[in-house]
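Remarks on the overall topology
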Amino acid sequence: MTGVVDMYTDGACKGNPGVGGWGVLLRAGDTEKELFGGERLTTNNRMELLAVIEGLSALSRPAQVRVHTDSQYVQKGISEWIASWKRRGWRTADNKPVKNQDLWTRLDAIAATHKIEWVWVKGHAGHEGNERADSLANRGVQSVTG
């Protein structure tokens, strides 16, 4: 994939915590790639994070990426909150441990290898890329539940 890569990501969870799935649609020019997976016991936020991590991990070299997510947790976490969390030793503003630090650390490291624009989109509002990512996330759930 060359040029700008548009990445649409979503997470799903049946119960929170519960069985979860993540989905990614990668699009560069006329090329598309779909990815999905799931876990037996997880949370929606973990699946949202894992979708972005898996999508970025699928890129074979550093790229210019537009990550489209319906998760304000992911979008604000990576673009607004993470610097403060790191300065405070992975503690929140009220001095509690940051939830999902393991995934935030992975996302921070892999995001540093790409030039990323973080785009929030409203979920379940007919956005074609987001709807496909949602469908893939649900396939991720099905891959776990059979």
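See the structure printed just above.
Residues numbered from 1 in each chain as written. Predicted model: local features only at pLDDT ≥ 70, side-chain atom pairs only at ≥ 80, totals over all residues. Heavy atoms only, no water.

**As for the overall build of the protein**
- Within the protein, the secondary structure is distributed over four helices and five strands.
- Listing the helices and strands of the protein from first to last along the sequence gives β-β-β-α-β-α-α-β-α.
- What you see for the protein is a C-alpha radius of gyration of 15 Å, in line with the 15 Å of a compact globule of 146 residues.
- With the principal axes as the frame, the protein shows a C-alpha extent of 45 × 35 × 25 Å. (Helix = DSSP H or I, 4+ residues; strand = E, 2+ residues; numbered from the N terminus. Rg over C-alpha atoms; globule rule 2.2 N^0.38 Å.)

**Details of the packing of aromatic side chains**
- Under the counting rule described, the total for this entry stands at four aromatic pairs.
- Centroid distance Y73 to W104: 5.3 Å. Interplanar angle 70°. Geometry classified as edge-to-face. Placement of Y73 in helix α2 (residues 72-87) and of W104 in helix α3 (residues 101-111) is noted, with a sequence separation of 31 residues between them.
- With 5.1 Å between their ring centres and 65° between their planes, W85 and W104 make a pair best called edge-to-face. Linking W85 in helix α2 with W104 in helix α3, this pair joins segments that are 19 residues apart in sequence. (Phe/Tyr/Trp six-rings, centres within 6.5 Å; stacked < 30°, edge-to-face > 60°.)

**Overview of the pattern of salt bridges**
- In this structure the tally under the stated criterion is 10 salt bridges.
- E32 serves as the salt-bridge partner of R132, at 2.9 Å between the closest nitrogen and oxygen. One end of the pair, R132, is in helix α4 (residues 128-145); the other, E32, is in strand β3 (residues 31-42), with 100 residues separating them in the sequence.
- Since its relative accessible area comes to 25%, R132 is described here as partly exposed.
- Overall, E32 belongs to the partly exposed group, its relative accessible area being 40%.
- Residues D102 and R46 are paired through a salt bridge, measuring 2.9 Å at the closest nitrogen-oxygen approach. Here D102 is found in helix α3, whereas its partner R46 is found in helix α1 (residues 44-57), with 56 residues between them in sequence.
- Residue class for R46 comes out partly exposed when judged on its relative accessible area of 21%. (Salt bridge = Lys/Arg side-chain N within 4 Å of Asp/Glu carboxyl O. Buried < 20%, exposed > 50% of the residue type's maximum accessible area, 1.4 Å probe, protein only.)

Everything listed here is a matter of geometry and, on its own, says nothing about what the molecule does.
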